[in-house]
Amino acid sequence: MNTLDDRTSQLADNLASVNARIRRAADAADRADVPALIVVTKFHPAADVTLLRGLGVADVGENRDQEAAAKAAAVADPALRWHFIGQLQGNKAKSVVQYAHSVHSVDRASLVAALGRAVAVQQDRDGRAPLECFIQVDLSQSGRSGGERGAGPRGRGGAAPSDVPALADAVADTPGLSLAGVMAVAPLGVDPAAAFALLARVSAAVVAQHPGAAAISAGMSQDLEQAIAAGATHLRVGSDILGPRPAVR
Ligand SMILES: *Cc1c(COP(=O)(O)O)cnc(C)c1O
């Protein structure tokens, strides 16, 4: 039987073990700070978000606008922060800025412009806070040595590392947007530690130009320890807390 109480205790147990992993990894890396946990609720119902809220979760992540907008409306809790972590089309910017605290997947100049326009409209409407933006970095080059160029694993979205500084400048120069830092997903088939080491170097280049933009969003269920060792400040964890995602939506 799968009662509400069963689901609540399952979520509570999973949350406790992920938080324990995070603390152990932060200790092992000699970090005084504990990274922020964003619970990725994609594919799971709004009812789960409400249960997580009751367990003290303040940050949730979603990767599709339609699903996120519906859940944000259903949960309707102004203290809950919604983080948009999926690939984003410019024509969805108007919708996303109605509920999102941050966008972790800013990967091109046209999206920066679209988000800037959408936030300006929304700020006129309801005075919303600046939208926190993370530049998503494509780490698919991190596992390659010279000769294998083009033969490496496929990337999972994001801007090339060399394009990140200009995108960071564009975000910083856009009213209504606040540059938080960088984000990445470790590519399949690559050692996550090597990928996150590249992300740390990209982050350092951004921070050199924008000292306030030190956030690093990295680390999922499978690789949060490696991300914490490489300096992640925001973790995005889904399946180890909510369970496997349904195969078909
Ligand atoms: C789904 C997703 C996550 C969470 O992944 P899990 O393996 O379920 O922890 C993190 N980041 C992004 C960008 C995602 O799409």
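Anyway, here's the lowdown on the structure attached to this text.

A separate point is the packing of helix α1 (residues 4-28) against helix α2 (residues 46-54). For any two helices packed against each other, the geometry comes down to the angle between their axes and how far apart the axes lie. For the pair α1 and α2, the least separation of the axes is 10 Å and the interaxial angle reads 60 degrees. Taken together, the axes of α1 and α2 are oblique relative to one another. As for how α1 packs across α2, the hand of that crossing is right-handed. Together, L4, R7, T8 and L11 of α1 and D48, L51 and L52 of α2 make up the contact between the two elements. Classifying every residue of the contact of α1 with α2 by side-chain character gives 4 nonpolar, 1 polar and 2 charged.

Bringing the pattern of salt bridges into the picture now. If you walk through the whole model with that rule in mind, you get 9 salt bridges. In this structure, the salt-bridge partner of D240 is R21, at a minimum N-O distance of 2.8 Å. Residue D240 is found in helix α9 (residues 239-242), and its partner R21 is found in helix α1; the two are separated by 219 residues along the sequence. With a relative accessible area of 17%, R21 lands in the buried category. Between R31 and D33 there is a salt bridge, with the nearest N and O atoms lying 2.6 Å from each other.

For D30, which is not glycine, the phi torsion reads 60 degrees and is therefore positive. At A76, a residue that is not glycine, the phi angle is positive and equals roughly 45 degrees. Secondary-structure assignment places A76 in the loop between α3 (65-75) and β3 (81-84). In this structure A76 comes out as exposed when scored by relative accessible area, which is 55%.

Cut-offs used in this document
Residues numbered from 1 in each chain as written. Predicted model: local features only at pLDDT ≥ 70, side-chain atom pairs only at ≥ 80, totals over all residues. Heavy atoms only, no water. Axes fitted to C-alpha atoms, helices over the stretch in contact; angles between N-to-C directions. Helix = DSSP H or I, 4+ residues; strand = E, 2+ residues; numbered from the N terminus. Parallel < 35°, antiparallel > 145°, perpendicular 65-115°, else oblique. Left-handed = near helix turned anticlockwise from the far one by under 90°. Contact = heavy atoms within 4.5 Å. Nonpolar A, V, L, I, M, F, W, Y, C, P; charged D, E, K, R; others polar. Salt bridge = Lys/Arg side-chain N within 4 Å of Asp/Glu carboxyl O. Buried < 20%, exposed > 50% of the residue type's maximum accessible area, 1.4 Å probe, protein only.

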